[in-house]
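Understanding the architecture of this molecule
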Number of protein chains: 2
Amino acid sequence: MLLTDRQLLILQVIVDDFIRSAQPVGSRSLSKKDGISLSSATIRNEMADLEELGFIEKTHTSSGRVPSEKGYRYYVDHLLSPQDLTQHDISIIQSIFAEKIFEFEKIIQRSASILSELTNYTSIVLGPAVSVNKLKKIQIIPLNKETAVAIFVTDTGHVENRLFSLPPSVHAGDLEKTVNILNDRLNGVPLEDLNDKIYKEVAMLLRQHIHNYDLMLHTFAQLLKMPITEKLFFAGKTNMLSQPEFHDLTKIRDLMTMIDQEEWISNIIRNNSKGIHVKIGSENNNKIMDDCSLITATYSVGEEKLGSIAILGPTRMEYSRVISLLQLLSKDLTAVLTKLYQNN
Amino acid sequence: MLLTDRQLLILQVIVDDFIRSAQPVGSRSLSKKDGISLSSATIRNEMADLEELGFIEKTHTSSGRVPSEKGYRYYVDHLLSPQDLTQHDISIIQSIFAEKIFEFEKIIQRSASILSELTNYTSIVLGPAVSVNKLKKIQIIPLNKETAVAIFVTDTGHVENRLFSLPPSVHAGDLEKTVNILNDRLNGVPLEDLNDKIYKEVAMLLRQHIHNYDLMLHTFAQLLKMPITEKLFFAGKTNMLSQPEFHDLTKIRDLMTMIDQEEWISNIIRNNSKGIHVKIGSENNNKIMDDCSLITATYSVGEEKLGSIAILGPTRMEYSRVISLLQLLSKDLTAVLTKLYQNN
DNA sequence: GTTAGCACTCATTAATCTTGAGTGCTAATT
DNA sequence: AATTAGCACTCAAGATTAATGAGTGCTAAC
């Protein structure tokens, strides 16, 4: 199944052209292109071969050709022209990191926004996996007689907080003691293990030192029972509405509804190893995404993968550009975060 | 411009019917309705009058009638049948508050989701105005030699946090002293005034007690320069896609893009006094919302307004139901929050 | 191996027709 | 005087038909 150079050229031009115009590409228009000096008849012959091999398709008997999924796949794997980021693109990406005071969520959200602006597709960023972060400090701050807020800080600087009702009969001193014990014992424990640990290691200590041991344990266990899932950040959800392949309302509705299924999206994106991944059409294993491609990248701290960035667009996506953008952003995010957190 | 009872009845039935079916209402179908025992001809006469008065309109010369904006306005002001929440609705709303540990954002987000599920419209909830909350406590937690996280807790239990680079030459003791001074001086100050206050009242004290006074002041001033805007929570954005009045793609796109303009939405919703407000079509002063109605309610702590809840739907909205739902949710949210925060 | 030429296909658009729900008006009825 | 039946008229929406043109496959000549 080896393609001749001429076939490769024609395939590449067809894909490029279709990505640009969203219109089926005909033999005549191809023959007029710079870089191709063949008659339309010759091209028709080659296109017939390419179709037989499954790389391109017709939308109806007498239409021009459109890349098939296999065609896109081949294009992505072998025919991508590597680079086309402008200086402008690059400086916009870098502007994400301009501020000195970091609010991590803002950076992530900004990344998503800028990515969707630059590409006109939908961007999805999966926040860091907080639940594997290690506890640095617990603090309890009473607001009034009955209410207090509990604050959990991780080694990465992530802050979780919960409002809770103070058990009515609790001593201020006991509360402080308990917090001290917790900090002493739970420092460095991943958030997801806190609930376990508090029963296994802290319960006993509490019993020895605290008056109302039972109530206190229960209160804190409640607080620590936190199913922390990574937050998802979207931007440019509406960009899909402008893509000509989605002029069908029911398609749009299905797609939008699917995008709003956060857990589902989250799963797809999370379970990717480091590096760039391209899923084309049905490779996404979802009927609704048959006309979509999803390109994912990851960002890390040092060598440890932290979260993911993704772009969702039509299969007729500007693969080359999107991949370059994701590579750049992934690299920059990783660099900034690594610098920030490395030396713990 | 007084309407006869019969005209009121007919207007009400037309609006109710159109809200249900989205189809222009004809004289014949009206005459067949229970509660109306008039011939179609009579109804045609009455409808002609109602049209002359501006309460209903035709979509074309020989079509049935559709409520005009004025018609909806009259309907909302005078003809609403008050109640139609089922026990089911009520218990779903109350399920929002089932959990004991409060993460305020989750409650708000859940409110939005449930509201949009119950109504099939888009719901928008404006989070509490944090910037008027008063500072309760500042804490600095160093993560490593170079980075620390600053935590600000308000009297309402809201927690803000910022990651920042520690000035390289800073003493641990000085840092602690500074934080103490800040807590001493800034307790009870609304967040929005912090930046002012630090220059006016804290700067001098710092100079007296702290070594590297200049650097420290600058660092904290940076941290406190926080433009905290209320967060917006959306749910059911896609519900609009299912409304028959929006089968037009460009309309949908405009609407969706508008919804994504968070500041704009935020302004509209924020500037409402307590109670329920109904804005119909062009009353929203925005071309894109000419076919939409926006119903807003507020939630409070005690007497003080805290935030807003809104439902965005087509002008052909189930006003009665939506208003009842918003009233209920507003009441419950206020009750829960008041109980939680009242006694500061 | 390449190209010109020709018959054929089919999506798209515009033009025409048909149908039916609904109206306004007038004259008859209550 | 209010109500209703009857009739002519209007217009959106859907179906049918026709015209156009971009594009193809195939064959025969180069």
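Use the structure listed above.
First things first, this report covers the structure right here in the doc. Please read all numbers here as calculations on a predicted model, not as lab measurements. (Residues numbered from 1 in each chain as written. Chains lettered and ligands numbered in written order. Predicted model: local features only at pLDDT ≥ 70, side-chain atom pairs only at ≥ 80, totals over all residues. Heavy atoms only, no water.)

**Structural notes on the sheet that holds strand β6 (residues 159-165) of chain B**
Residue and element names in this part refer to chain B. Under the convention used in this document: Strands qualify as paired when DSSP identifies two bridges or more between them. Helix and strand assignments come from DSSP, with helices taken as H or I runs of at least 4 residues and strands as E runs of at least 2, each series counted from the N terminus. Each axis is a line fitted through C-alpha atoms, and for a helix only the stretch in contact is used; angles between axes span 0 to 180 degrees, taken between their N-to-C directions.
If you trace the three strands from one edge of the open sheet to the other, you get β4-β5-β6, paired in antiparallel fashion. One side of each edge strand has no neighbouring strand; the edge strands of this open sheet are β4 (135-142) and β6. Neighbouring strand axes in the sheet, compared pairwise and without regard to direction, differ in orientation by 15° on average. Summarising the sheet, β4 and strand β5 (residues 147-154) pair through seven bridges and their orientation is antiparallel. Counterpart to I140 in the pairing with β5 is A150.

**Describing the protein's contact with DNA strand D**
Heads up, the rule is: By convention in these notes, a residue is near a molecule or strand provided one of its non-hydrogen atoms lies within 4 Å of it. Pairing of N or O atoms within 3.5 Å defines a polar contact, subject to two protein rules: one partner must be a possible hydrogen donor and the other a possible acceptor, and residues neighboring in sequence count only if both atoms are side-chain atoms. The classification used treats Ala, Val, Leu, Ile, Met, Phe, Trp, Tyr, Cys and Pro as nonpolar, Asp, Glu, Lys and Arg as charged, and all other residues, Gly among them, as polar.
The immediate surroundings of DNA strand D are formed by 19 residues, with S27 of chain A together with R6, T42, T61 and S62 of chain B found nearest. The sugar-phosphate portion of DNA strand D accounts for 73% of its atoms within 4 Å of the protein, the bases making up the rest. Taking R6 of chain B, its side chain carries an N or O atom lying 2.8 Å from a phosphate oxygen of DNA strand D. Within the side chain of T42 of chain B, one N or O atom sits 2.6 Å away from a phosphate oxygen of DNA strand D. Those elements that place two or more of their residues in the surface near DNA strand D are α3 (40-52) of chain A together with α3 (40-52) of chain B. Take the surface near DNA strand D: its biggest share by element is four residues, from α3 of chain B. Of the residues in the surface near DNA strand D, the class split is three nonpolar, 11 polar and five charged.

**A look at the interface of chain B and chain A**
Test applied: Two residues form a contact once any of their heavy atoms are found within 4.5 Å. When a carboxyl oxygen of Asp or Glu is within 4 Å of a side-chain nitrogen of Lys or Arg, the pair counts as a salt bridge.
Tallying the contact residues gives 44 residues for chain B and 44 residues for chain A. There are zero salt bridges connecting chain B and chain A. Taken together, the connections running from chain B to chain A amount to five residue pairs in polar contact (both at pLDDT 80 or more). Of the residues assigned to the side of chain B that touches chain A, the class counts are 19 nonpolar, 14 polar and 11 charged.

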